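Spelled out from the first residue to the last, the chains are:
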Amino acid sequence: MNPGLLSYFLVSAFGIGAVVSGWLVFRTDSMLRAAYWLMVSFVAVGAMLVVLDAQFLGLILILMMSGEMTIMAIFMIMFMMNPAGLNPMTMVHQHRTSMVAGVGSFLVLAWVGVVAEFPDRPAPAVDPTAALGEELLGRSMLIFESAGVALLAVMIGAIALAAKRGRFGDADAGSVEPEIDVDTGSRT
Amino acid sequence: MIDLLLVIAAAVFGIGVYGALSQQSFVMIMMGLELMLNSAVLVVVTFWWGTTGGNPSGQLLVIVILAVMAVEAAIGFALVTAVYRSRKADITEKLRRLRF
């Protein structure tokens, strides 16, 4: 089979998979299954990236999202009602507005994608992973390191937000600032 | 091929918009946001593959988007935990004000 035709076929198949599984995220009764349908959608997009010669990014996406969706499934079991989907469940609001917004954004973006003229400069058949590595550890190292620092800040922030013991007492008691003693100026 | 990829990305983005606007559960709203970012990854790789002549900066942009996805998930889960501790709320309808 022609390699171009094979790529077209694979991209179409994975694309349909990504769209259908993405839609099933919001159609299933089980929140746990929703997390795994989302993972399927990410895996399909990751496979498309591999077909598009971005093997490293595709595999990173699959690896990262598999971990994230597993954590999301744990959160579903911890917090959410009906994680197993044993009862029919519809937890939506402003359904018609959301549908119009979703279909509208699809039509506008798809129209732009089909109508707009893009330059035809395909990536050469060299090793894109090596090129990315040289970019990350060369010209764009500051950007790469900034992303790392941002993730560290997020880890600290997430722990501070989720910790039971807050600045003004236990989180379950609400974050009510204690009154100030006017004589001493200290908080009581 | 670029047309096809952009239409697929638009469909995934549209589903994400629908999910983020329609769902009541916090985690389901986050899933809608994740789908939108998923679509952004696909669009960036599409343009990198088809229009930039293999410029590695395009791949770098995907790394930045992946970092944004991780940030969104971590802060989102932390906020869900904080809101549940303080208000016992797991859906948007249970919140009347943003201030704790």
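Residues numbered from 1 in each chain as written. Chains lettered and ligands numbered in written order. Predicted model: local features only at pLDDT ≥ 70, side-chain atom pairs only at ≥ 80, totals over all residues. Heavy atoms only, no water.

Asker: Is there a simple way to explain the overall build of chain B in this structure?
Answerer: Scanning chain B from N- to C-terminus turns up three helices and zero strands. Order of helices (α) and strands (β) in chain B, N terminus to C terminus: α-α-α. Buried residues in chain B amount to 64% of all 100 residues. A separation threshold of at least 6 residues defines the contact pool for chain B, and within that pool the share at least 24 residues apart is 58%. In the form shown here, chain B has an accessible surface area of approximately 3500 Å², with 69% of it arising from carbon and sulfur atoms. (Helix = DSSP H or I, 4+ residues; strand = E, 2+ residues; numbered from the N terminus. Buried < 20%, exposed > 50% of the residue type's maximum accessible area, 1.4 Å probe, protein only. Contact = heavy atoms within 4.5 Å. Areas by Shrake-Rupley, 256 points an atom, 1.4 Å probe, with all protein chains shown as cover.)

Asker: Would you explain the overall build of chain A in this entry?
Answerer: The helix and strand tally for chain A stands at six helices and two strands. Of the regular secondary structure in chain A, the N- to C-terminal order runs α-α-α-α-α-α-β-β. Per-residue burial over chain A gives 31% buried out of 188 residues. Partitioning the intrachain contacts of chain A with sequence separation of at least 6 by distance along the chain shows that 49% fall at a separation of at least 24. For chain A, the accessible area works out to roughly 11400 Å², and carbon and sulfur atoms hold 69% of it.

Asker: Teacher, can you tell me more about the interface of chain B and chain A here?
Answerer: Interfaces are often sized by the amount of accessible area the parts lose when they come together. Each side of the interface is counted separately: chain B has 71 residues, and chain A has 79 residues. Summed over both sides, the interface of chain B with chain A buries roughly 6700 Å², with 77% coming from carbon and sulfur. When the buried area of chain B at its contact with chain A is split by residue, B:Tyr18, B:Met31 and B:Arg85 rank highest and sum to 11% of it. The tally of links between chain B and chain A comes to zero salt bridges. At the surface where chain B touches chain A, the tally comes to 10 residue pairs in polar contact (both at pLDDT 80 or more). When contributions to the side of chain B that touches chain A are tallied by element, the ones reaching two or more residues are helix H1 (2-22), helix H2 (26-51) and helix H3 (56-87) of chain B. The biggest single contributor to the side of chain B that touches chain A is H3(B), with 24 residues. When its residues are assigned to classes, the side of chain B that touches chain A shows 46 nonpolar, 20 polar and five charged. (Buried area = accessible area lost by both parts, 1.4 Å probe. Salt bridge = Lys/Arg side-chain N within 4 Å of Asp/Glu carboxyl O. Polar contact = N/O pair within 3.5 Å; in protein donor to acceptor, adjacent residues only side chain to side chain. Nonpolar A, V, L, I, M, F, W, Y, C, P; charged D, E, K, R; others polar.)

Asker: Please clarify how the packing of helix H4 (residues 95-115) of chain A against H1(B) should be interpreted in this entry.
Answerer: Helix-helix packing is characterised by the crossing angle of the two axes and by the distance between the axes. One can describe the packing of H4(A) onto H1(B) by two numbers: an axis separation of 8 Å at closest approach and a directional angle of 160°. Of the possible angle classes, the one that applies to H4(A) and H1(B) is roughly antiparallel. In this structure, the crossing between H4(A) and H1(B) has a hand that is right-handed. Side by side, H4(A) and H1(B) meet where A:His95, A:Ser98, A:Met99, A:Ala101, A:Gly102, A:Ser105, A:Phe106, A:Leu109, A:Ala110, A:Gly113 and A:Val114 of the first sit next to B:Asp3, B:Leu6, B:Val7, B:Ala10, B:Ala11, B:Phe13, B:Gly14, B:Val17, B:Tyr18, B:Leu21 and B:Ser22 of the second. (Axes fitted to C-alpha atoms, helices over the stretch in contact; angles between N-to-C directions. Parallel < 35°, antiparallel > 145°, perpendicular 65-115°, else oblique. Left-handed = near helix turned anticlockwise from the far one by under 90°.)

Asker: Please explain the packing of aromatic side chains as it appears in this structure.
Answerer: Two measures describe an aromatic ring pair: the distance that separates the ring centres and the angle between the ring planes. Summed over the entire model, instances satisfying the criterion amount to three aromatic pairs over all chains. Geometrically, the ring pair formed by A:Phe26 and B:Tyr18 is edge-to-face, given 6.2 Å between the ring centres and 85° between the ring planes. Of the two residues, A:Phe26 sits in the loop between helix H1 (3-25) and helix H2 (31-51) while B:Tyr18 sits in helix H1, which places them in two different chains. The class for B:Tyr18 is buried, based on a relative accessible area of 2%. (Phe/Tyr/Trp six-rings, centres within 6.5 Å; stacked < 30°, edge-to-face > 60°.)

Asker: It is not clear to me how the pattern of salt bridges should be interpreted in this structure. Could you clarify?
Answerer: Close approach of charged atoms allows side chains of opposite charge to pair. Across all of its chains, the model carries one salt bridge over all chains by this definition. A salt bridge links A:Arg139 to A:Glu135; its shortest N-O distance comes to 3.1 Å.

Asker: Can you walk me through a nonpolar patch on the surface in this structure?
Answerer: Together, A:Val108, A:Trp111, A:Val112, A:Val114 and A:Val115 line one region of the surface with nonpolar side chains, adding up to about 480 Å² of accessible area. Within the secondary structure layout, A:Val108 lies in helix H4. (Patch = residues over 30% accessible without salt bridge, like charges linked within 9 Å, V, L, I, M, F, W, Y side chains within 5 Å.)

Asker: Even after reading the chapter, I still don't get the environment of B:Ser57, so can you show me in this structure?
Answerer: Note that B:Ser57 resides in helix H3. With near-sequence residues (within four places) excluded, B:Ser57 lies in contact with A:Glu135 and A:Arg139.

Asker: So what exactly am I meant to see when it comes to the confidence of the model for chain B here?
Answerer: Any residue range with low pLDDT should be treated as having predicted coordinates unsuitable for detailed reading. For chain B, per-residue confidence averages 86 on the pLDDT scale, and residues scoring 70 or more make up 97% of the total. Model confidence for chain B, summarised as mean pLDDT per element, is weakest for H3(B) at 87 and strongest for H1(B) at 92. (pLDDT = per-residue confidence, 0-100.)

Asker: Whenever I open this one, H4(A) confuses me. Can you help?
Answerer: Residues separated by three or four positions in an α-helix point in the same direction, a consequence of the helix having 3.6 residues per turn. Residue and element names in this part refer to chain A. Compared with the 30 Å implied by 1.5 Å per residue over 21 residues, the 30 Å span of H4 between its first and last C-alpha is a close match. Within H4 the residues assigned to the buried category are Ser 98, Gly 102, Ser 105, Ala 110 and Gly 113. What you see down the axis of H4 is that its buried residues fit within an arc of 120°, all on one side. Facing away from the buried side of H4, by more than 90 degrees, are the exposed residues Arg 96, Thr 97, Val 100, Leu 107, Val 108 and Trp 111. (Expected span 1.5 Å × (residues − 1). Arc of directions from axis to C-beta.)

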